[in-house]
Amino acid sequence: MASQTKPVLHGYFRSSCSWRVRIAFALKGVEFDQVPVNLIKDGGQQRTEQYRTINPMQQVPAVEIDGITLSQSLAVIQYIDETRPGPRLLPADPKKRAQRMISDLIASGIQPLPPLSDHPQVGAEKVQWAQHFIDRGFRALEPVLRETSGMYCVGDEISMADICLVPQVYNAERFSVDLEKYPTIKRLNQTLLEVEAFRASHPSHQPDTPEELRA
């Protein structure tokens, strides 16, 4: 039974992983509170001892929900899916559900690398470095999505794969990756950005979004 207390999302407006959780809450129609964790300010607020008590890995997001605290966005999304009513985020059909490999490809194979380019230690080549790893991942993802996609990543129902795809394309655009090479990815992203849950959860609309980046 879901708690009546609103979940609390500790996140950052431009974090891909935080955005995934915002999308999931929006698709399920779940109201939640946000506590901003600025990954840049003061050397990174995620590095404080106070935040370490919430997430020992000192990453975002961390979600307080139903008396527990969860990190790792895919685990959070699965928990939301299993405890809240609304559209399924993991398909009921086993073969379609197995396509969560798309989510894993993005979350484990692409996403962890480019965000590190925001760190000053990476140096001046950070854009080229990010482009290299995103391109490598998209070259693998494009043929997979050609086989699995309908209107969305897996057939005609929005799933966890879509929740992962849109933030990753946002990152690709930030680093000027040429999306014309990936027509399926580009088409799916454009379709999904017409869905209210994806628009409302966009980094340009969050409480901690800097004024100059607001839409």
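Computed from a predicted model, the values in this text were never measured in an experiment.

**Points about the overall build of the chain**
Okay, so step 1: Within the chain one finds 9 helices and 4 strands.
Okay, so step 2: Reading the secondary structure of the chain in the N-to-C direction produces β-α-β-α-β-β-α-α-α-α-α-α-α.
Okay, so step 3: Here the chain has a C-alpha radius of gyration of 17 Å; the compact-globule value for 215 residues is 17 Å, and the two agree.
Okay, so step 4: Burial analysis of the chain (215 residues in total) assigns 46% to the buried set.
Okay, so step 5: Sequence-distant contacts in the chain: of pairs separated by 6 or more residues, those separated by 24 or more amount to 66%.
Okay, so step 6: Carbon and sulfur atoms make up 52% of the accessible area of the chain, which amounts to about 10,900 Å² in all.
Okay, so step 7: Averaged over its 24 positive side-chain charges, the chain has a centre that lies 3 Å from the centre of its 26 negative ones.

**What to know about the packing of helix α6 (residues 126–148) against helix α8 (residues 183–192)**
Okay, so step 1: At their nearest, the axes of α6 and α8 sit 8 Å apart, and the two run at 70 degrees to each other. On the basis of the axis angle, α6 is roughly perpendicular to α8. Every residue of α8 that contacts α6 at F138, L141, E142, L145 and R146 is listed here: P183, T184, I185 and L188.
Okay, so step 2: Its residues assigned to classes, the contact of α6 with α8 shows 6 nonpolar, 1 polar and 2 charged.

**Looking at the nonpolar core**
Okay, so step 1: In terms of nonpolar packing, the biggest core is built from 48 residues, with L27, F138, L141, L145, L165, I185 and F198 touching the most fellow members.
Okay, so step 2: At the level of elements, α1 (16–28), β3 (62–65), α3 (73–83), α5 (101–110), α6, α7 (160–174), α8 and α9 (196–200) are the ones that each hand at least two residues to this core.
Okay, so step 3: Per-element tally for this core: the top contributor is α7, with 9 residues.
Okay, so step 4: When sequence neighbours within four positions are dropped, the list of residues in contact with L145 reads I102, C153, L165, T184, I185 and L188.
Okay, so step 5: Of all hydrophobic cores here, the second largest spans 6 residues; its members include Y12, V37, Y51 and V60.

**Regarding the domain arrangement of the chain**
Interfaces are often sized by the accessible area lost when the parts come together.
Okay, so step 1: Looking at the assigned domains, one finds that the chain contains domain 1 (8–86 + 201–213) and domain 2 (94–199).
Okay, so step 2: A C-alpha centroid distance of 19 Å is found between domain 1 and domain 2.
Okay, so step 3: With 17 residues of domain 1 at the contact, the number on the domain 2 side is 19 residues.
Okay, so step 4: Between domain 1 and domain 2, roughly 1,700 Å² of surface is buried when both sides are summed, and carbon and sulfur atoms account for 67% of that area.
Okay, so step 5: Across the contact surface, domain 1 and domain 2 share 0 salt bridges.
Okay, so step 6: Our count for the domain 1 to domain 2 interface comes out at 6 residue pairs in polar contact (both at pLDDT 80 or more).
Okay, so step 7: Of all the secondary structure elements, the ones that give two or more residues to the side of domain 1 that touches domain 2 are α1 and α3.
Okay, so step 8: Ranked by residues supplied to the side of domain 1 that touches domain 2, first place goes to α1 with 8 residues.
Okay, so step 9: Class assignment for the residues of the side of domain 1 that touches domain 2 results in 9 nonpolar, 5 polar and 3 charged.

**Let's talk about the pairing of strand β1 (residues 8–11)**
Each regular strand carries side chains that alternate between the two faces of the sheet.
Okay, so step 1: Side chains V8 and H10 project from β1 onto one buried face, and the interleaved L9 and G11 project onto a second face that is buried too.
Okay, so step 2: Of the pairings in the sheet, the one linking β1 to strand β2 (residues 33–36) comprises 4 bridges and is parallel in character. Looking across to β2, one finds that H10 is bridged to V35.
Okay, so step 3: Crossover β1 to β2 through α1 is right-handed.

**With respect to the confidence of the model for the chain**
Okay, so step 1: When the pLDDT values of the chain are averaged, the result is 91; 93% of them are 70 or greater.
Okay, so step 2: Across residues 116–122 the pLDDT falls below 50, and counting only partners more than four positions away or on other chains, this stretch makes 10 contacts in the model.

The rules behind the values
Residues numbered from 1 in each chain as written. Predicted model: local features only at pLDDT ≥ 70, side-chain atom pairs only at ≥ 80, totals over all residues. Heavy atoms only, no water. Helix = DSSP H or I, 4+ residues; strand = E, 2+ residues; numbered from the N terminus. Rg over C-alpha atoms; globule rule 2.2 N^0.38 Å. Buried < 20%, exposed > 50% of the residue type's maximum accessible area, 1.4 Å probe, protein only. Contact = heavy atoms within 4.5 Å. Areas by Shrake-Rupley, 256 points an atom, 1.4 Å probe, with all protein chains shown as cover. Lys, Arg positive; Asp, Glu negative; His and termini not counted. Charge placed at Lys NZ, Arg CZ, Asp CG, Glu CD. Axes fitted to C-alpha atoms, helices over the stretch in contact; angles between N-to-C directions. Parallel < 35°, antiparallel > 145°, perpendicular 65-115°, else oblique. Nonpolar A, V, L, I, M, F, W, Y, C, P; charged D, E, K, R; others polar. Core = buried A, V, L, I, M, F, W, Y, C linked by side-chain atoms within 4.5 Å. Domains from an automatic or database assignment. Buried area = accessible area lost by both parts, 1.4 Å probe. Salt bridge = Lys/Arg side-chain N within 4 Å of Asp/Glu carboxyl O. Polar contact = N/O pair within 3.5 Å; in protein donor to acceptor, adjacent residues only side chain to side chain. Pairing = 2+ DSSP bridges. Right-handed = clockwise from strand over helix to strand, strands pointing away. pLDDT = per-residue confidence, 0-100.

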